[in-house]
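Breakdown of the fold
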Amino acid sequence: MVTDILTEVSTCSLSEVSFLGALHMVHANNGIQDLISAEGGHQQDRVRGGSTSILYEMQERLGEAVRLSSPVRDIAWALDRVTVSSHDVSVSARRAIVAIPPWLSERIWWDPPLPRDRAQLIQRVPSGQIFRSTWSTTRRSGGRRD
Ligand SMILES: Cc1cc2nc3c(=O)[nH]c(=O)nc-3n(C[C@H](O)[C@H](O)[C@H](O)COP(=O)(O)OP(=O)(O)OC[C@H]3O[C@@H](n4cnc5c(N)ncnc54)[C@H](O)[C@@H]3O)c2cc1C
């Protein structure tokens, strides 16, 4: 059972998780119970409309500053300036926050290349092999969402 729980919360095979990492996760969450519980636990709350509704709301407020279908291909960086480019736009700023899964940042052309430690870390952090879907049903009697 512990294996099932840890596999689900890690969303990968436990062979890919360090024992220390698993212990840290359990410790940081005050035990296993909170990780899997609905009431009072991590599975209790959901964003109304789904997590992506937050993105749509931000997009509406930010307007044309949000570029869709324009994945970043190149990042030219120095200590005080960074230029991020896709196939149709280039943006320069003092800083850039790259918030993509680590392994995907290997597909970006970095100029100069990333520091060796960072580059090696990216190569050793694959994405998990598990996906999860969530759905809701409606009970016929009373029509209450379950
Ligand atoms: C199976 C599974 C179940 C999960 N269940 C839960 C849960 O129940 N509750 C919970 O809170 N969390 C859950 N998580 C974790 C949650 O999904 C992640 O923590 C969260 O999505 C991370 O958000 P993020 O914005 O950092 O990255 P992501 O959601 O990965 O977003 C990265 C974005 O970057 C974009 N991108 C990639 N490359 C480029 C590029 N070159 N240029 C521009 N954009 C790019 C991608 O298209 C994507 O939109 C789960 C994760 C998994 C895998």
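Preceding this paragraph is the structure being described.
Fair warning: this is a prediction, and the values are worked out from it, not measured in the lab.

The rules we used
- Residues numbered from 1 in each chain as written.
- Predicted model: local features only at pLDDT ≥ 70, side-chain atom pairs only at ≥ 80, totals over all residues.
- Helix = DSSP H or I, 4+ residues; strand = E, 2+ residues; numbered from the N terminus.
- Rg over C-alpha atoms; globule rule 2.2 N^0.38 Å.
- Buried ≥ 20, exposed ≤ 12 C-beta atoms within 10 Å, placed from the backbone.
- Contact = placed C-beta atoms within 7 Å.
- Pairing = 2+ DSSP bridges.
- Axes fitted to C-alpha atoms, helices over the stretch in contact; angles between N-to-C directions.
- Near = placed C-beta within 6 Å.
- Nonpolar A, V, L, I, M, F, W, Y, C, P; charged D, E, K, R; others polar.

**Things to note about the overall build of the protein**
- A tally of regular secondary structure across the protein gives five helices and four strands.
- For the protein, the N- to C-terminal ordering of α and β elements is α-α-α-α-β-β-β-β-α.
- Whereas a compact globule of 146 residues would reach a radius of gyration of roughly 15 Å, the protein reaches 20 Å, over 25% beyond that.
- Taking the principal axes of its C-alpha atoms as reference, the protein extends roughly 55 × 40 × 25 Å.
- Across the 146 residues of the protein, 1% fall into the buried class.
- Long-range pairs, those at least 24 residues apart, make up 27% of the contacts in the protein between residues at least 6 apart in sequence.

**Description of the sheet that holds strand S4 (residues 109-111)**
- The four strands lie next to each other as S3-S2-S1-S4, forming an open sheet whose pairing is mixed. The open sheet has two edge strands, strand S3 (90-93) and S4, and neither has a second partner. Averaged over all adjacent pairs, the angle separating strand axes in this sheet is 15 degrees, with direction ignored.
- For strand S2 (residues 82-85) and S3, the ladder comprises four bridges, and the chain directions are antiparallel.

**Quick word on the site of the ligand**
- In the neighbourhood of the ligand, the contacting residues comprise Thr-11, Pro-71, Val-72, Ala-99, Ile-100, Pro-101, Leu-104, Ile-108, Gly-128, Ile-130, Phe-131 and Arg-132.
- Of the residues belonging to the shell around the ligand, the class tally is nine nonpolar, two polar and one charged.

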